[in-house]
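The residues making up each chain are set out below.
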Amino acid sequence: MSWGTELWDQFDNLEKHTQWGIDVLEKYIKFVKERTEIELSYAKQLRNLSKKYQPKKNSKEEEEYRYTSTRAFLATLNEMNDYAGQHEVISENMTSLITAELTRYVQELKQERKSHFHDGRKAQQHIETCWKQLEASKRRFERDCKEADRAQQYFEKMDADINVTKADVEKARQQAQLRHQMAEDSKAEYSSTLQKFNSEQHEHYYTHIPNIFQKIQEMEERRIVRIGESMKTFAEVDRQVIPIIGKCLDEITKAAESVDHKNDSQMVIEAFKSGFEPPGDVDFEDFTQPMKRTVSESSLSNSRGDGKSEPKYGSKSKGKLWPFIKKNKLMSLLTSPHQPPPPPPASASPSAVPNGPQSPKQQKEPLSHRFNEFMTSKPKIHCFRSLKRGLSLKLGAGPEDFSNLPPEQRRKKLQQKVDELNRDIQKEMDSRDALTKMKDVYIKNPQMGDAASVDHRLAELGQNIEKLRLEVQKFEGWLAEVEGRLPARSEQPRRQSGVYEAQNASGVNSCAQDRESPDGSYTEEQSQETEMKVPATDFDDEFDDEEPLPTIGTCKALYTFEGQNEGTISVAEGEMLYVIEEDKGDGWTRIRRNEDEEGYVPTSYVEVYLDKNAKDS
């Protein structure tokens with residue numbers, strides 16, 4: 001089967017067919033190129049998707065990835081990133097092995113095709129030239145034969161005519177012989193040209209054209225083989241990454257199987273456990289006796305001087321622990337405005353005199369004063385740590401020893417701080433060792449450097465190490481203190497609920513003042529912590545409110561006051577409001593407009609009318 005023998009007369013059709021084959025190859029190259037673009041786009045989208053859900057560094061979200069379920073999700077994101085990388089590999093391999101190779105091959109194929117068809121056209125032109133020569137020789141032979149016949153007839157005519165001279169007859173005879181000789185020469189030339197043409201034609205159709213068409217056939221077959229190999233490569237490129245993609249999927253499966261619900265539950269305990277013991281039973285308080293009731297054994301409240309409680313007249317006691325009060329409610333109870341009250345307007349009314357002048361001896365910070373008043377007046381305060389947490393939230397920053405945290409969380413933070421400081425110490429020591437070795441090298445080889453040049457840096461490192469060691473000792477001391485307070489793991493949690501003797505009751509006021517720090521937080525002495533094991537937890541959710549404080553009188557606003565600070569309330573001149581807490585010496589009176597609006601106003605801005613029962617109390 002050969003195109004040269006079977007398709008010897010289909011030169012134009014073969015030319016069209018081979019051009020169509022090149023067009024198919026270029027179409028396939030375009031298809032593979034678009035496939036590589038899709039793979040790159042898919043890989044980019046997968047990478048962006050993985051990056052989108054990656055936890056942000058040094059954020060709260062990153063801390064959440066310590067659980068097995070979130071770690072499995074993180075492993076899935078990482079594997080998807082590798083999965084995207086395999087699609088990039090597919091794109092790169094298809095580009096290099098198929099697109100680039102076929103593009104180069106198409107250029108070579110076009111040149112080869114052009115060369116073959118150029119040879120075919122040249123052979124075709126040669127045979128056409130030979131044919132034209134044959135036709136010309138044939139026409140010349142035919143013309144000479146006709147001329148010889150006409151000359152012979154003219155000679156015969158002249159020879160038969162008796163009126164013609166002998167010279168004319170001889171001339172006609174010679175002309176006839178010349179024409180016959182020319183006819184013979186044309187015949188010989190025509191015969192030679194015909195033989196040559198037949199030879200050329202045979203050579204053309206049985207040698208040149210078959211050879212040229214055979215080369216074109218081989219070229220076309222190579223193109224078909226090449227496109228088939230490219231399609232095979234197309235599949236192999238995908239197949240090569242299947243094992244790696246399978247490993248990615250296996251790793252995702254492995255990560256999913258590593259999810260441990262029990263471990264995550266335990267980590268939740270470790271993350272949020274406060275270390276406090278649950279509260280004990282609330283003692284029964286007998287309200288049937290009209291006499292003034294004594295302080296219950298479980299109450300931590302005490303008197304301001306004689307060790308007796310002084311509850312306000314008409315107040316209602318609820319069996320709720322104050323850590324369960326709404327956070328904003330607690331802060332409004334604790335905080336009167338930080339700055340001293342503003343003086344009244346210049347046109348002060350004499351009616352403000354019954355309230356008395358503001359005490360000039362008030363030197364204690366209003367916040368700490370309100371805290372001490374709260375500690376001594378509110379019954380059943382079971383926890384100081386919750387109060388400290390509230391104050392630290394109010395003031396915006398926690399203390400260095402993390403005393404604003406529950407014991408268990410504080411222990412973890414302190415342990416992390418100790419570990420971090422130890423790592424810093426190790427880094428400094430490594431740097432010092434390296435500099436020491438460098439100094440030894442300089443001492444042995446002075447030409448390499450000055451040994452005294454590193455002394456200053458060595459001194460700095462020594463000072464840094466000493467500072468860090470002091471920090472470690474400080475945090476280790478706090479850590480030992482916290483670990484000594486924490487209950488043993490094997491012990492059943494129990495609440496120490498007993499009678500607080502006079503010295504303990506009177507110590508509540510003093511400890512509340514002694515533990516006040518300049519930054520507004522409070523620290524506890526170890527002895528007090530040992531005596532008072534009190535539960536506390538961060539209560540971010542809202543619980544039931546306490547019953548509102550009872551009113552002890554009314555007041556009239558003498559001036560307009562714009563309550564712009566937190567804890568204050570705005571009043572208009574002449575407005576009547578309820579008094580729920582009189583001035584404690586800090587220049588502020590607590591009032592209420594309705595159930596949801598209450599706060600502090602300067603005492604000099606209102607005229608207070610206390611109820612008779614409240615005055616007696």
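Cut-offs and rules
Residues numbered from 1 in each chain as written. Predicted model: local features only at pLDDT ≥ 70, side-chain atom pairs only at ≥ 80, totals over all residues. Heavy atoms only, no water. UniProt positions renumbered as here; feature names shortened; annotations may be inferred. Phe/Tyr/Trp six-rings, centres within 6.5 Å; stacked < 30°, edge-to-face > 60°. Helix = DSSP H or I, 4+ residues; strand = E, 2+ residues; numbered from the N terminus. Buried < 20%, exposed > 50% of the residue type's maximum accessible area, 1.4 Å probe, protein only. Salt bridge = Lys/Arg side-chain N within 4 Å of Asp/Glu carboxyl O. Pairing = 2+ DSSP bridges.

- The protein chain has the name Formin binding protein 1 in an unreviewed UniProt entry, where Geospiza parvula is given as its organism.
- Turning to the protein chain, the UniProt annotation filed under Sequence similarities (unreviewed entry) states: "Belongs to the FNBP1 family."

### Remarks on the packing of aromatic side chains
1) Next: Using the criterion set out here, one finds 12 aromatic pairs in the structure.
2) Next: Ring plane angle 75 degrees and centroid distance 6.4 Å describe the contact between tyrosine 53 and phenylalanine 73, whose orientation is recorded as edge-to-face. One end of the pair, tyrosine 53, is in the loop between helix 2 (11-52) and helix 3 (60-63); the other, phenylalanine 73, is in helix 4 (residues 68-160), and 20 residues separate them in sequence.
3) Next: With a centroid separation of 5.2 Å and 90 degrees between ring planes, the pair formed by phenylalanine 475 and tryptophan 478 is classed as edge-to-face. With phenylalanine 475 and tryptophan 478 both in helix 11 (residues 455-485) and 3 residues apart, this pair spans about one turn of that helix.
4) Next: Relative accessible area serves as the criterion here: at 2%, phenylalanine 475 is assigned to the buried category.
5) Next: Three or more aromatic residues joined by ring pairs make a cluster, and in this case those are Tyr559, Phe561, Trp588 and Tyr605.

### Digging into the UniProt feature "coiled-coil region" (unreviewed entry) in the protein chain
1) Next: Here, UniProt's "coiled-coil region" (unreviewed entry) annotation points to residues 155-186.
2) Next: For residues 155-186, the end-to-end C-alpha separation is 21 Å, with 84% helix and 0% strand making up the annotated structure.

### Quick look at the pattern of salt bridges
Opposite charge on two side chains permits them to pair, given that their charged atoms come into close proximity.
1) Next: Applying the stated criterion to the full structure yields 22 salt bridges.
2) Next: With a shortest N-O distance of 2.1 Å, arginine 121 and glutamate 15 are connected by a salt bridge. Residue arginine 121 is found in helix 4, and its partner glutamate 15 is found in helix 2; the two are separated by 106 residues along the sequence.
3) Next: Across the pair arginine 47 and glutamate 88 runs a salt bridge whose closest N-O atoms are separated by 2.9 Å. Taken together, the residues span a long stretch of sequence, with arginine 47 in helix 2 and glutamate 88 in helix 4 at a distance of 41 residues.
4) Next: A residue is classified by how much of its surface remains accessible, and arginine 47, at 28% relative accessible area, is partly exposed.
5) Next: For glutamate 88, a relative accessible area of 23% gives the class partly exposed.
6) Next: Bridged by salt links that share partners, the residues Glu581, Arg590, Arg592 and Glu598 form one connected network.

### Focus: the pairing of strand 3 (residues 588-592)
A regular strand places its side chains on the two faces of the sheet in alternate fashion.
1) Next: With 5 of 5 residues buried, strand 3 lies mostly within the body of the structure.
2) Next: Both faces of strand 3 are covered, namely the face carrying Trp588, Arg590 and Arg592 and the face carrying Thr589 and Ile591.
3) Next: With 3 bridges connecting them, strand 2 (residues 576-581) and strand 3 associate as antiparallel partners. Following the sheet pairing, tyrosine 578 is matched in strand 3 by arginine 592.
4) Next: The antiparallel hairpin formed by strand 2 and strand 3 contains 6 residues in its connecting segment, where glycine 585 sits at a positive phi of about 105 degrees.
5) Next: As defined by bridge partners, strand 3 adjoins strand 4 (residues 598-602) across 5 bridges and the pair is classed as antiparallel. Each bridged residue has a counterpart across the sheet, and for arginine 590 the counterpart in strand 4 is tyrosine 600.

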